[in-house]
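# Survey of secondary and tertiary structure
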Amino acid sequence: MTRPVVTRFAPSPTGFLHIGGARTALFNWLYAKKLGGKMLLRIEDTDRERSTQAAIDAILDGLKWLELDWDGDVVYQFSNAARHREVVEQMLERGTAYRCYASAEELTQMREAARAEGRTRFYNGLWRDRDPSEAPAGVKPTIRLKAPLTGETVIEDQVQGRVVWQNDNLDDLVLLRSDGTPTYMLAVVVDDHDMGVTHVIRGDDHLINAARQKQIYDALGWEIPVMAHIPLIHGPDGSKLSKRHGALGVDAYRSMGYLPVALRNYLVRLGWGHGDQEIFSTDEMIAAFDLPAIGRSAARFDFAKLENLNGHYIRHSNDQTLLDSLENLLRYIPNGAQIAAKIDDNKRAQLLRAMPGLKERAKTLLELIDGASFILAERPLTIEPKARALLTPETRQLIGRLHGALQAVEAWSGESTEAAMRGFAETNGLKLGAVAQPLRVALTGRTTSPGIFDVLAVLGREECLARLADQTSE
RNA sequence: GCUCCCUUCGUCUAGCGGUCAGGACGUCGCCCUCUCACGGCGAAAACAGGAGUUCGAUUCUCCUAGGGAGCGCCA
């Protein structure tokens, strides 16, 4: 008796896939996966002026990067325009819709009058029951829904609960524009119905639209899908996350070095919780996800938490996978090409070997790349200012003696170099830190790096001795 | 202005009439330590305000304040 669940993600292609859209897509995807159903993808391109192919590409690219796959072919709403008109014809015949010849001026007057009188509904029913013979010549009408005048419209929302509107606050909305193209409100209803959508999960900026669409469903005699309106995401300062106010496309998060798993985990916990659990594998997420558990208040976007999660996933990633992700990212960052040019199989082997120490210290792939720069660097190393301060005549002299001690090591490894360094420190009455820091500066050009014996091992005997020699004199 | 939604530590949240109001991120200490991280331990930190209902409200109801969404021949 229960139909298989069908959800859909329905972005309008007027811009990139922003973070709120990504979360909506994730929720739809999770719910479909949880119930063994399908998630469909529909591009709402009925606004021919603002829809662009570039935006469609960006949305598809964003979804793929996030690994949120959809079922079947992408549906382009505009291609269903004929069907939308057909449905409106039926409504006209049945008397649930009517032609409206009101001019733009008349409409403006109605709007102003409504606002002045403190009414929400503005259309005054001018053409609602008027005889078509009165139609002005040469004016192409819009088709409006003959919405109920009294009573109430109720939505049993999975997230928001029972929401009730008095029908006298709802308008006779336009179904078909005067040029014969369908409006969003009509197209959504017809497409969701035709596509067999059982659950509509979308941003709560559509909550009122649910009421309007319910009236269309009623007029058509169709059953309304289960509704779930999820709260919006706000900026760190609590303001609306608009495109001109810090909203970034998901491609921006990719460029900042975030992992898709981390972003998904962060996003799912925004507005939704499952006890005290913070980390969710994809399977756990699917199993635990549920609509009624979604909170009703807007959440602020917090980069610090995203970073923490990203660091967690980096640390727990497989070394080879991480290296692949890192190399892949190079295509999306400014100086990526130069870095990519330096990576050959030899460097790959070194990066892989250093990865356990590197990933422990990186919260983003960008930091991982930065941390790996000592491997990619060429002699003579450029020494960072902070590191340069450690290069005094005394430490340079010490580096020279370190060079000598290390030169004696034949079987080069982390262990053998560590033994040599500890021995050196002990015989000279020095703490290990006193020799490790100058060594680090000479080897990496920085004051921070993975464990110094790992650095020694990764770089190899020849390179290490050469870098030490570079800093010995002068 | 009108309609609808929201309000627990700085942030994300747990809580579904009786809890010392829990966890996580962040912050601040301490430990570990060759640096930085990681990890471990600990601390500070919240029920927007006011009326009710109740033996008892963070939890239920109403009001106020604040925030958000919508009020298109945009989606």
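None of these values were measured; they are calculated from a predicted model. (Residues numbered from 1 in each chain as written. Chains lettered and ligands numbered in written order. Predicted model: local features only at pLDDT ≥ 70, side-chain atom pairs only at ≥ 80, totals over all residues. Heavy atoms only, no water.)

### Some points on the protein's contact with RNA strand B
Close to RNA strand B lie 63 residues; T120, R177, G271, R361 and R440 are nearest. In RNA strand B, the atoms that sit within 4 Å of the protein are 66% sugar and phosphate, with bases accounting for the remainder. R361 places a polar side-chain atom, nitrogen or oxygen, 2.4 Å from a base oxygen of RNA strand B. It is helix α19 (residues 432-444) that contributes the most residues to the surface near RNA strand B, five residues altogether. Per-class residue counts for the surface near RNA strand B are 19 nonpolar, 21 polar and 23 charged. (Near = heavy atom within 4 Å. Polar contact = N/O pair within 3.5 Å; in protein donor to acceptor, adjacent residues only side chain to side chain. Helix = DSSP H or I, 4+ residues; strand = E, 2+ residues; numbered from the N terminus. Nonpolar A, V, L, I, M, F, W, Y, C, P; charged D, E, K, R; others polar.)

### What about the UniProt feature "domain: Aminoacyl-tRNA synthetase class I anticodon-binding" (unreviewed entry) in chain A?
Using the residue numbers shown here, the UniProt feature "domain: Aminoacyl-tRNA synthetase class I anticodon-binding" (unreviewed entry) corresponds to residues 337-470. For residues 337-470, helix accounts for 72% and strand for 0%, while the C-alpha atoms at its two ends are 28 Å apart. (UniProt positions renumbered as here; feature names shortened; annotations may be inferred.)

### Let's talk about the environment of Q166
Structurally, Q166 can be placed in strand β7 (residues 161-166). For the pair formed by Q166 and A211, sequence separation is 45 residues and the distance between their alpha carbons is 10.0 Å. Setting aside residues no more than four positions away along its own chain, Q166 makes contact with G151 and E152. Reaching out from Q166, the side chain makes a polar contact with the side chain of E152 at a distance of 3.2 Å. (Contact = heavy atoms within 4.5 Å.)

### What about the nonpolar core?
Nonpolar side chains in soluble globular proteins tend to be buried together. Judged by nonpolar contacts, the single largest core of 53 residues is most densely connected at L358, L368, I375, L406, L439 and L443. Ignoring anything within four residues of it in the chain, the contact list for L443 reads L381, I452, V455, L456, L459, C464, R467 and L468. (Core = buried A, V, L, I, M, F, W, Y, C linked by side-chain atoms within 4.5 Å. Buried < 20%, exposed > 50% of the residue type's maximum accessible area, 1.4 Å probe, protein only.)

### Overview of the confidence of the model for chain A
When the pLDDT values of chain A are averaged, the result is 94; 98% of them are 70 or greater. Overall fold confidence (pTM) sits at 0.95, and the ipTM for the predicted complex is 0.95. (pLDDT = per-residue confidence, 0-100.)

### Section: the packing of aromatic side chains
For the coordinates displayed, the defined rule picks out 10 aromatic pairs. Look at W272 and F289: their rings are 5.6 Å apart centre to centre, the planes differ by 45 degrees, and that puts the pair in the tilted class. Placement of W272 in the loop between α8 (260-268) and α9 (282-288) and of F289 in the loop between α9 and β12 (299-300) is noted, with a sequence separation of 17 residues between them. Like F289, W272 is buried. Through pairs of rings, three or more aromatic residues link up here, namely Y253, Y258, Y266, F301 and F303. Residue placement shows R48 over the ring face of F78; its charged tip is 3.9 Å from the ring centre. The ring of W127 is capped by R130, whose NZ or CZ atom sits 3.9 Å from the centre of that ring. (Phe/Tyr/Trp six-rings, centres within 6.5 Å; stacked < 30°, edge-to-face > 60°. Lys NZ or Arg CZ within 6 Å of the ring centre and 35° of its normal.)

### Here we look at the domain arrangement of chain A
Here chain A is partitioned into domain 1 (1-73 + 231-316), domain 2 (80-230), domain 3 (318-371) and domain 4 (385-472). With 12 residues of domain 1 in contact, the opposing surface of domain 3 contributes 12 residues. Taking both partners together, domain 1 and domain 3 bury about 1100 Å²; carbon and sulfur atoms supply 59% of that area. On the domain 1 side of the contact with domain 3, R254, I314 and R315 bury the most area, a combined 46% of that side's loss. Seen at the junction of domain 1 and domain 3, the total is zero salt bridges. Where domain 1 packs against domain 3, one counts three residue pairs in polar contact (both at pLDDT 80 or more). (Domains from an automatic or database assignment. Buried area = accessible area lost by both parts, 1.4 Å probe. Salt bridge = Lys/Arg side-chain N within 4 Å of Asp/Glu carboxyl O.)

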